[in-house]
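One-letter residues, chain by chain:
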Amino acid sequence: MKKFFLSCCLLLLCSVSLLAQQTSASHNQKMEWWREARFGMFVHWGPYALWGGEYHGHQQRVGGAEWIMNRCKIPVAEYQEMTRKFNPVDYDPEAWVRLAKETGMKYIVFTTKHHDGFAMFKSNASKYNMVDFTPYGKDVVDALVKACRKYGMKFGFYYSQSQDWNNPGGATHRRPMNQGWPNPDSVAIDAYTLAHNGSWDPAQQTRTIEQYMDSVAIPQVKELLSRYGDVSVFFWDTPKGITKAYVKKFLDLFKDYPNIIHNDRMGGGFLGEYKTPEQMIPTVEQLDGTDWETCMTLNNSWGYRRSGNIWKSAEQLVTTLIDIASKGGNLLLNVGPDPLGNIPQENIDRMKVMGEWMKKYSASIYGTERCKVDKPVWGYCTQKVKDGKTLVYLQVIDWPKDGKLLFALKEPASSARLLHNGKKLTFENTEEGVRIAVPTTAPDEIASVIELEFDKVLPRYPIKAMNNNLYEIVDAPRE
Ligand code: JFZ
């Protein structure tokens, strides 16, 4: 009897498990391309690009330019009127995909709908979309997907599932007026948003969030899943108001798409499959062994900003990619195209430098993992295990001027070479580690890479699956 009861419970547990049954092996299989890729492109593009971070001559004071409607409290009617002018005649998705490819990126995550609620795709759930609402009249998601497919680029969809400022009932995160522009009515406006759950326009409140979820978010996710084929990633965002019931409704839609990888921002207790540190690289202390991806801008805004940009240097960006790879994570680097569909030149310039570096050194990034060596004083390291051997890549930022480089791993190396030209280096296996004789000037201005070979499997960090204990527990040690 007891046994029967137990097995009933087990059966029940299994049948309520919402994700397709995933064994450790299939979870690792699903994550394989993503872990191999290491580097992707994020695209934030929508009607907010029309403002470019400026509202009636005022610079939006705080936050990314994609938040202009909320931060500047633009009325719904005014925002929609401007959207009528969205006509990105320069939009050339193949050029975007080529740029990503030349930069060494392996996947693109595109904002199909950001918090302003505008669908960049044809939607039957809301007229506020690219096809039905703009003079452009074409589905830009469809065109991007086709371009990605042509160039063998994986693609994922960013979708703001609860925050929506144009479709009534959508959540609005409350932001004080002084984050936008010095509106003389700010006291009254702040009182209004406080009393109305963050919203600033009565037009936003004609439906409940439940009505919004059932009539917009759920149907639109269904549209995104059914129309474009082989979507690789779903990037959810700002899960305000998402309950377990909506997690179930969302995940039910994904039953036939078990290979789509979810980030950790759906909400409602669903942890997704990878973590998304934003604008920062976690320290080793912050790593917990699960998959992660840092999303980052090259400037100080996700959406296009016409002026007031502070750009990161190309050196900083290359180092960021190396740092992230050395900690076993991915980098999702953002571009914010302008209202005509052009990626800003400052963006392209920096990506070009990254691409040149990747052409020589990508073997030290793709398919690599964390190596079990404390951060070396001269830079970073990654490793790759294959056929009982381990290749270790030393990414040297501070090149030793005396030509002596110590890799403090007490294991005997069997060969050492410069990665970009294959030139053999002499080395000595010593008590303190591998001592390598290197040229006295750095081969690369940003980061030079040395490849060491070890005739054994070096210690590895296992990768743990996120603990989605609401649904099922999958522990996925690396095989
Ligand atoms: C969100 C968006 O609000 C923003 O516009 C952009 O799309 C970005 C990628 O994601 O912003 C967030 C979301 C989560 C955190 C911070 C900013 N977070 O968890 O720290």
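The rules behind each value
Residues numbered from 1 in each chain as written. Predicted model: local features only at pLDDT ≥ 70, side-chain atom pairs only at ≥ 80, totals over all residues. Heavy atoms only, no water. Helix = DSSP H or I, 4+ residues; strand = E, 2+ residues; numbered from the N terminus. Expected span 1.5 Å × (residues − 1). Buried < 20%, exposed > 50% of the residue type's maximum accessible area, 1.4 Å probe, protein only. Contact = heavy atoms within 4.5 Å. Pairing = 2+ DSSP bridges. Near = heavy atom within 4 Å. Polar contact = N/O pair within 3.5 Å; in protein donor to acceptor, adjacent residues only side chain to side chain. Areas by Shrake-Rupley, 256 points an atom, 1.4 Å probe, with all protein chains shown as cover. Nonpolar A, V, L, I, M, F, W, Y, C, P; charged D, E, K, R; others polar. Domains from an automatic or database assignment. Buried area = accessible area lost by both parts, 1.4 Å probe. Salt bridge = Lys/Arg side-chain N within 4 Å of Asp/Glu carboxyl O. Right-handed = clockwise from strand over helix to strand, strands pointing away. Disulfide = S-S within 2.5 Å. Axes fitted to C-alpha atoms, helices over the stretch in contact; angles between N-to-C directions. Parallel < 35°, antiparallel > 145°, perpendicular 65-115°, else oblique. Left-handed = near helix turned anticlockwise from the far one by under 90°.

Draft legend 1. Spotlight on helix H12 (residues 345-361). Compared with the 24 Å implied by 1.5 Å per residue over 17 residues, the 24 Å span of H12 between its first and last C-alpha is a close match. Along H12, the residues classified as buried are Asn347, Ile348, Arg350, Met351, Met354, Gly355, Trp357, Met358 and Tyr361. Lining the buried residues of H12 we find strand E1 (39-43), helix H5 (93-103), helix H11 (314-326), strand E9 (330-335) and strand E17 (448-454).

Draft legend 2. Here's a closer look at the sheet that holds strand E11 (residues 379-386). Pairing within the open sheet is antiparallel, and its five strands lie in the order E10-E11-E12-E17-E14. With partners counted over all chains shown, the strands left at the sheet margins are strand E10 (369-370) and strand E14 (415-418), one partner each. Of the strand pairs in this sheet, E11 and strand E12 (residues 389-396) are connected by eight bridges, and their pairing is antiparallel. Along E12, the bridge assignment pairs lysine 386 with lysine 389.

Draft legend 3. Quick peek at the site of the ligand. Within the structure, the ligand sits among Phe42, His44, Glu66, Trp67, His114, His115, Tyr158, Asp237, Thr238, Arg265, Glu278 and Trp302. Here an oxygen atom of the ligand and a side-chain polar atom of glutamate 66 are 2.6 Å apart. The side chain of arginine 265 places a nitrogen or oxygen atom 3.2 Å from an oxygen atom of the ligand. When the ligand sits alone it has 450 Å² of accessible area, and the protein chains cover 68% of it. Of the residues belonging to the shell around the ligand, the class tally is four nonpolar, four polar and four charged.

Draft legend 4. Up close: the domain arrangement of the protein chain. Looking at the protein chain, the domain boundaries give domain 1 (24-364) and domain 2 (371-454). With centres defined by C-alpha atoms, the gap from domain 1 to domain 2 works out at 38 Å. Taken together, the contacts link 13 residues of domain 1 with 15 residues of domain 2. Carbon and sulfur atoms supply 66% of the area buried between domain 1 and domain 2, which totals about 1300 Å² over both sides. Contact with domain 2 buries area across many residues of domain 1, yet Ile322, Tyr361 and Ser364 alone supply 41% of it, more than any other trio. There are one salt bridge connecting domain 1 and domain 2. For aspartate 444, the salt bridge goes to lysine 360, with nearest N and O atoms at 3.9 Å. Taken together, domain 1 and domain 2 are joined by five residue pairs in polar contact (both at pLDDT 80 or more). Listed by contribution, the elements that provide at least two residues to the side of domain 1 that touches domain 2 are H11 and H12. Considering every element that reaches the side of domain 1 that touches domain 2, the biggest residue donor is H11, with seven residues.

Draft legend 5. Focus on the pairing of strand E8 (residues 293-297). With respect to burial, E8 is a largely interior element, five of its five residues being buried. Neither face of E8 is exposed, since Glu293, Cys295 and Thr297 on one face and Thr294 and Met296 on the opposite face are all buried. Sheet topology places E8 next to E9; five bridges connect them, and they run parallel. Within E9, the position partnered with methionine 296 by the bridge is leucine 333. Taken together, E8, H11 and E9 constitute a β-α-β crossover, and its handedness is right-handed.

Draft legend 6. Inspection of the state of the cysteines at higher detail. Using the criterion set out here, one finds one disulfide in the structure. With a sulfur-sulfur separation of 2.5 Å, cysteine 371 is cross-linked through a disulfide to cysteine 381. Looking down the S-S bond of the cysteine 371 and cysteine 381 bridge, the torsion is 130°, so its handedness is right-handed. In this pair, cysteine 371 is assigned in the loop between E10 and E11 and cysteine 381 in strand E11, connecting sequence segments ten residues apart. Each member of the pair cysteine 371 and cysteine 381 is classed as buried. There is no disulfide at cysteine 148, and the cysteine sulfur nearest it, in cysteine 295, is 18 Å away. Residue class for cysteine 148 comes out buried when judged on its relative accessible area of 0%.

Draft legend 7. The packing of H5 against helix H7 (residues 140-150), seen in detail. Between H5 and H7, the shortest axis-to-axis distance is 8 Å and the interhelical angle comes to 45°. Comparing the axis directions of H5 and H7 gives the class oblique. Relative to H7, the crossing made by H5 is right-handed. Of the residues in H7, those in contact with Pro93, Glu94, Trp96 and Val97 of H5 are Ala143, Leu144, Ala147, Cys148 and Lys150.

Draft legend 8. Quick look at the sheet that holds strand E15 (residues 427-429). Pairing is antiparallel in the open sheet, where three strands are placed in the order E13-E16-E15. Whereas interior strands pair on both sides, the edge strands pair on one side only; in this sheet they are strand E13 (404-407) and E15. Going from strand to strand, the sheet's axes swing by 20° on average, the running direction of each strand aside. Pairing of E13 with strand E16 (residues 434-437) involves four bridges; the strand directions are antiparallel. Across the sheet, residue leucine 405 finds its bridge partner in E16, namely isoleucine 436.

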